[in-house]
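Overview (structure and organization)
Listed below are the residues making up each chain.
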Protein chains: 2
Amino acid sequence: MGIKILTIKEDILGANTELAGRNRERLDKGGILTVNIMSSPGAGKTSLVLQTIARMKTGIKLAVIEGDIASSVDADKVNQRGVPVVQINTDGGCHLDANMIENALDNLPLENIDLLLIENVGNLVCPAEFALGEHMKVMLLSTPEGDDKPYKYPLMFTETDVVLVNKVDLLPYLDFNIDSFNKTVTGLNPDVKIFPVSCKTGEGLDVWLSWLEGEIKKVKNQQSGN
Amino acid sequence: MGIKILTIKEDILGANTELAGRNRERLDKGGILTVNIMSSPGAGKTSLVLQTIARMKTGIKLAVIEGDIASSVDADKVNQRGVPVVQINTDGGCHLDANMIENALDNLPLENIDLLLIENVGNLVCPAEFALGEHMKVMLLSTPEGDDKPYKYPLMFTETDVVLVNKVDLLPYLDFNIDSFNKTVTGLNPDVKIFPVSCKTGEGLDVWLSWLEGEIKKVKNQQSGN
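Below you will find a few notes about this structure. Everything numeric in this text was worked out from a predicted model, so none of it was measured.

1. Thoughts on the relation of the copies chain B and chain A
With an RMSD of 0.0 Å, the operation that places chain B on chain A is a rotation of 180° combined with a shift of 0.0 Å along the axis. This pairing of chains is accounted for by a two-fold axis. Here 100% of the contact residues of chain B are again contact residues in chain A; the copies associate through an equivalent surface.

Have a look at this one:
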């Protein structure tokens, strides 16, 4: 049974990668920096999305795709802030895939977006395997999850471009060694960028946002260069 | 593509359920209460296993199956406490299945176990779908994950027999409403048992353990009744 599953999985992954490439072309053409946000349940993805909306420099136009197994509680919060949002309900599925994103793109005003945030299903395993067409993968690791997570979920930490260490406001109450965590992560992934933040208190978010604004410019420059 | 995946999944689930039934017969015959422990990454599964080992009444013989994508850091900790343990590495797989448990049972001293704790892969989605042959499903929800998780991961909360609300020591620093959480969970799953605990401070663990000891006796009584 094991081998059968693997074969099927490879087929699915191949088809997904092809479709992700098509999404990426569309996003490049529109000059839309697209960020795939991944984490465990409850690590703070929605808070990061809401903080990024609230603090982003005026003139940068955002849109959001919310991925959840069920419910639209997150999309409702984004919608209340006047930002275009599409909710994907995976109905049991443990990750977003490129096909779902293609459908969501059809329902967004692509001519009027600079930054597209995709909030994946809360899961440290499966989302790492499925490209969506994004320019970068950002994962949140919240401090209460513990500093040993890179050993246990290595693919996520290897695949990601950015790690946001969220909930640093809780560090005084936890046994989380941030230096040792950073060393483990850079050991697995030498090019990764790590930002310590608290989406509750706002600590560190200015550094994250100014870096993100630089990345938005890069995608815009590439668009005008074509 | 969607329909193809569904068909495959149903085949896999059917085969898994059959195998889980065979595991269950073996466990019933041995009078071994078997607990499938599930949660998000970092919610405290390993701490619960270690606390249960440390505080369990003398005379009750434990064994542990550790499920992780990679590494044996958890199994090493259990092994240091002199408890029989099998580490399953799923090599990317996001949940344990009945076939993996069958192999693990072949490597445990079944004639000498009263309580078998199975620590599933950290994931609030996929493990809920795969029966292992266990007598009960126990899920941990740690308070930093937030009280809205039942809306977003309903299957896990519907399928589980027990919810341990872990890390209650952090409640003073969080916006987690435990009454509203309990109401949501019992709304989804009226028969669920909820225990508030802290695997760090030990709070609430005596209540959990004395309930668990009662369940061990039930399985033993059923065994001698046969």
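2. Some details on the pattern of salt bridges
One pass over the structure, following the stated rule, counts 20 salt bridges over all chains. In this structure, the salt-bridge partner of Asp-175 of chain B is Lys-200 of chain A, at a minimum N-O distance of 3.9 Å. With Asp-175 of chain B in the loop between β6 (162–166) and α7 (178–188) and Lys-200 of chain A in the loop between β7 (193–196) and α8 (205–225), the pair connects residues from two separate chains. On the basis of relative accessible area, Lys-200 of chain A is assigned to the partly exposed category, the value being 48%. Here Arg-26 of chain B ties to Asp-106 of chain B by a salt bridge, and the two come within 2.7 Å at their closest N and O atoms. Pair noted here: Arg-26 of chain B is in helix α1 (residues 2–30) and Asp-106 of chain B is in helix α4 (residues 98–106), with a separation of 80 residues, a long-range link.

3. Observations regarding the side chain of Gln-51 of chain B
When you line up the elements, Gln-51 of chain B lands in helix α2 (residues 45–55). Other than its neighbours up to four places away in sequence, Gln-51 of chain B contacts Cys-199, Lys-200, Gly-202 and Leu-205 of chain B.

4. Digging into the sheet that holds strand β2 (residues 62–68) of chain B
Within a beta sheet, neighbouring strands are joined by backbone hydrogen bonds and run either parallel or antiparallel to one another. All names here are of chain B. Sheet architecture is open: seven strands sit in the order β3-β2-β4-β1-β5-β6-β7, paired in parallel fashion. The open sheet has two edge strands, β3 (85–89) and β7 (193–196), and neither has a second partner. Each strand axis lies, on average, 20° off the axis of its neighbour in the sheet, ignoring direction. Bridging between strand β1 (residues 33–39) and strand β5 (residues 136–142) involves five bridges; their strand directions are parallel. In the sheet register, Ser-39 faces β5, and the bridge partner there is Leu-140. Set on the sheet, α4 makes contact with β2, β3 and β4 (115–119); between it and β3 the angle comes to about 150°.

Reading the values: the criteria
All residue numbers here refer to positions counted from 1 along the written sequence of the relevant chain. Each chain is given a letter, starting from A, and each ligand a number, starting from 1, according to the order in which they appear as written. Reporting of local features is limited, given that this is a predicted model, to residues whose pLDDT is at least 70; pairs of side-chain atoms are given and counted only at 80 or more, and all residues count toward the totals for whole chains, interfaces and linings. Excluding hydrogens and water, the side-chain figures rest on all heavy atoms present in the structure. When the copies are overlaid, the least-squares fit takes in C-alpha atoms only where the residue has pLDDT of at least 70 in both copies. For this analysis, residues touch if any pair of their heavy atoms sits within 4.5 Å. Basic side-chain nitrogens of Lys or Arg form a salt bridge, by our definition, when they fall within 4 Å of a carboxyl oxygen of Asp or Glu. Numbering of helices and strands starts at the N terminus; helices are DSSP runs of H or I of at least 4 residues and strands are runs of E of at least 2. Only protein chains enter the calculation, and the probe is 1.4 Å; a residue is then buried if its accessible area is under 20% of its type maximum, exposed if over 50%, and partly exposed in between. For two strands to count as paired, DSSP must find a minimum of two bridges between them. The angle between two axes is taken between their N-to-C directions and runs from 0 to 180 degrees, where each axis is a line fitted to C-alpha atoms and a helix contributes only its stretch in contact.

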